[in-house]
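Examining the three-dimensional arrangement
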Amino acid sequence: MTTVTEDSRDAATGLPRLLPPPASAAGETRPPDLDAHAARHGRLEYRGRPGTLIGDIEAAGLTGRGGAAFPVHRKLQAVLDAAAGRRRTPVVIANGAESEPASDKDATLLWLSPHLVLDGLQLAAEAVGADTAILATHVSRTRDVGSRLREALAARRAAGIDRVPVQLAQAPARFLSGQETALVSHLSGGPAIPAFIPPRITERGLNGAPTLVQNVESLAHLALIARRGPRWFRSVGTDAEPGSMLATVRRSDGQPKITEVPLGIPLRDLAGDLRPDSAVLVGGYHGTWLDGRQALALTLDNASLAQAGARVGAGVVITLPRDRCGLVETASVVRYLALESAGQCGPCLNGLPRIAAALAEIAGGRARPQAVTDVTRWSGLVTGRGACHHPDGTVRFVRSALQTFAAEIDLHQRGRCSAADTRLFLPVPRVAARTEQDWT
Amino acid sequence: MRATETAVKLLVNPIDCAAHGACAELLPEAIALDEWGYPVIDPGPLRPSLERPARKAVSACPTLALRLIRSS
């Protein structure tokens, strides 16, 4: 079960902004009600017409918190423009289909602050002039997020807050189902697998309508910027990457901890006991392994992480316990990623299983001498050649593992392994897609 | 003539591509096949002299996965 960080509300940063302050988070089972939400954040004020919120979002510098960090105002503007150009009413989708097994921040946000997300969804719908709003969630591993959202929507209906009716939807429990085009395909009645771009979904998305897909955390930030303004938003974070973000942090005990941090926080403040020979995974399973020496010098923002070829992604920071083997963990995750390929694109379909098999060989010890060069060659072959970023993200993870665990590879070639504990640490769902029904 | 105005490049839709390999046969100057038979396209704009064979390669693709697009 996820625990919300016990760090007290910080007087200097005013965090947490999105999650309830720790005192009330302790009584997590009590459903957050609309009155408490309005008392803390103020009432939801509409802007009166489309477009007017976009300038504030641009001034705030809010970027998408689903992983890609794309500027939110640019997507809003693109959808508004496409709607005007094509005279078609757009659709807004709140993306809570958090399919990264290592992340739990979106489910936690929906569980603890559903009204903030729903406020943001209404404001985003107004900003682009949408008349349809959908909130898509993932099958939750631990909580019944769906019924909490139904309760929240019922309370809002009774209070007459929402101008656009909100439909709830659930994405299948697949790694790629939260990917924008996959989600749109699923909601259009098709399989939850990625599509080839162009056309962009901001132009032609759900049933051909201009479509805004925003991560649920992005929408919660948007709802607060609308109330408190861009300057307030920028009072934490860095100049280039302002604001706060939710991070899923796993330390040696393995339990995920959701914490709201300013962009630019030193990794050492999140990762716990960091030594030069530690290994830290930043950005999740499409992310990057860093060694402790790198992690000690970096902060959680894209400008800093780029120095090591890493990215913030959806805010996953995992410290590998010292008694586990990074190669075994990597092989296990890459096997999962290979099985989660939608199998649509040749290079991904052919390359990922081969990479996974070679990594399993390396992790098992005394691999063929060419196993590592095979992995390197196949990694180059699949990069940039998928309709989505699944091959690129997988390869980023694989290459960083080869680098970070280079000494461990040598050890394994000699038939040894430094790990004292052979249990897997990184969470990997047991099931994988086997039939076409698994995608729908 | 400004190259940016007329530059075209090849784009393969990796979902539609089924590794028939006709493109690489007709346009080996710009398209190679990987070890599984899928096309690897030279990055960057296409040489103007290759435009005509490129159009042939596009129309020869059995799954219509290859496109010639204007790159600005």
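Every residue gets a number counted from 1 within its own chain, in the order that chain's sequence is written. Written order determines the labels here, with chains lettered from A and ligands numbered from 1. Residue-level local features of this predicted model are given only where pLDDT is at least 70; pairs of side-chain atoms are given and counted only at 80 or more, and the full residue set underlies all totals for whole chains, interfaces and linings. Only hydrogens and water are removed before side-chain values are computed, so all heavy atoms of the structure are retained for them.

Some words on the packing of aromatic side chains
All names here are of chain A. Rules: Planes of paired rings set the category: under 30 degrees apart is stacked, over 60 is edge-to-face and the rest tilted, where pairs are Phe, Tyr or Trp rings (Trp by its six-membered ring) whose centres lie within 6.5 Å. Runs of E in the DSSP output that reach at least two residues are strands. Runs of H or I that reach at least four are helices, and both are numbered from the N terminus. Between buried and exposed lies partly exposed: a residue is buried under 20% and exposed over 50% of the maximum accessible area for its type, with that area taken using a 1.4 Å probe on protein chains only.
Evaluation of the coordinates by the stated rule reveals four aromatic pairs over all chains. Between Phe175 and Tyr336, the aromatic rings sit 5.8 Å apart at their centres with planes inclined by 85 degrees, giving edge-to-face as the arrangement. Note that Phe175 is positioned in the loop between strand 4 (166-171) and helix 8 (180-187) and Tyr336 in helix 14 (residues 326-339), a separation of 161 residues in sequence. Overall, Phe175 belongs to the buried group, its relative accessible area being 8%. A relative accessible area of 5% means that Tyr336 is categorised as buried. Relative to Phe397, the ring of Tyr285 lies with its centre 6.3 Å away and its plane at 55 degrees, an arrangement referred to as tilted.

Here we look at unusual backbone geometry
Negative phi is the rule for most residues except glycine; trans is the rule for most peptide bonds. All names here are of chain A. Here the bond from Leu15 into Pro16 is cis, since omega is 5 degrees, no more than 30 degrees from zero. Structurally, the position occupied by Pro16 is in the loop between strand 1 (3-4) and helix 1 (22-25). In this model, Pro198 is joined to Pro199 through a cis peptide bond whose omega is 5 degrees. Secondary-structure assignment places Pro199 in the loop between helix 8 and strand 5 (211-215).

Considerations on the nonpolar core
Residue and element names in this part refer to chain A. Selection criterion: We define the nonpolar core as a collection of buried residues of types Ala, Val, Leu, Ile, Met, Phe, Trp, Tyr and Cys that are connected through side-chain atoms lying within 4.5 Å of one another. All domain edges in this entry derive from an automatic or database-based domain assignment. Note on contacts: a residue pair qualifies if any of its non-hydrogen atoms lie within 4.5 Å across the two residues.
Counting 59 residues, the largest nonpolar core has Tyr285, Trp289 and Leu359 as the members making the most contacts within it. For this core, the element with the most residues is helix 15 (residues 346-364), which contributes eight residues. Counting residues domain by domain, this core receives three or more from each of domain 1 (3-233) and domain 2 (326-424). If we skip the residues at most four places from it in the chain, Tyr285 touches Glu100, Pro101, Ala102, Phe175, Val333, Tyr336, Leu337, Gly393, Phe397, Leu426 and Pro427. Counting residues in hydrophobic clusters, the runner-up holds 50 residues, among them Leu62, Val166, Leu222 and Leu246.

Digging into the pattern of salt bridges
All names here are of chain A. To keep it simple, the criterion reads: Take a side-chain nitrogen of Lys or Arg and a carboxyl oxygen of Asp or Glu: if they are within 4 Å of each other, that pair is a salt bridge.
This structure, assessed with the given rule, holds 23 salt bridges over all chains. Glu217 serves as the salt-bridge partner of Arg65, at 3.7 Å between the closest nitrogen and oxygen. Here Arg65, found in the loop between helix 3 (52-60) and helix 4 (72-86), pairs with Glu217, found in helix 9 (residues 216-228); they are 152 residues apart in sequence, far enough to count as distant. Taking relative accessible area as the criterion, Glu217 reaches 1% and is therefore assigned buried. We note a salt bridge from Arg293 to Asp291, for which the minimum N-O separation is 3.2 Å. The exposed category is assigned to Arg293, whose relative accessible area is 55%.

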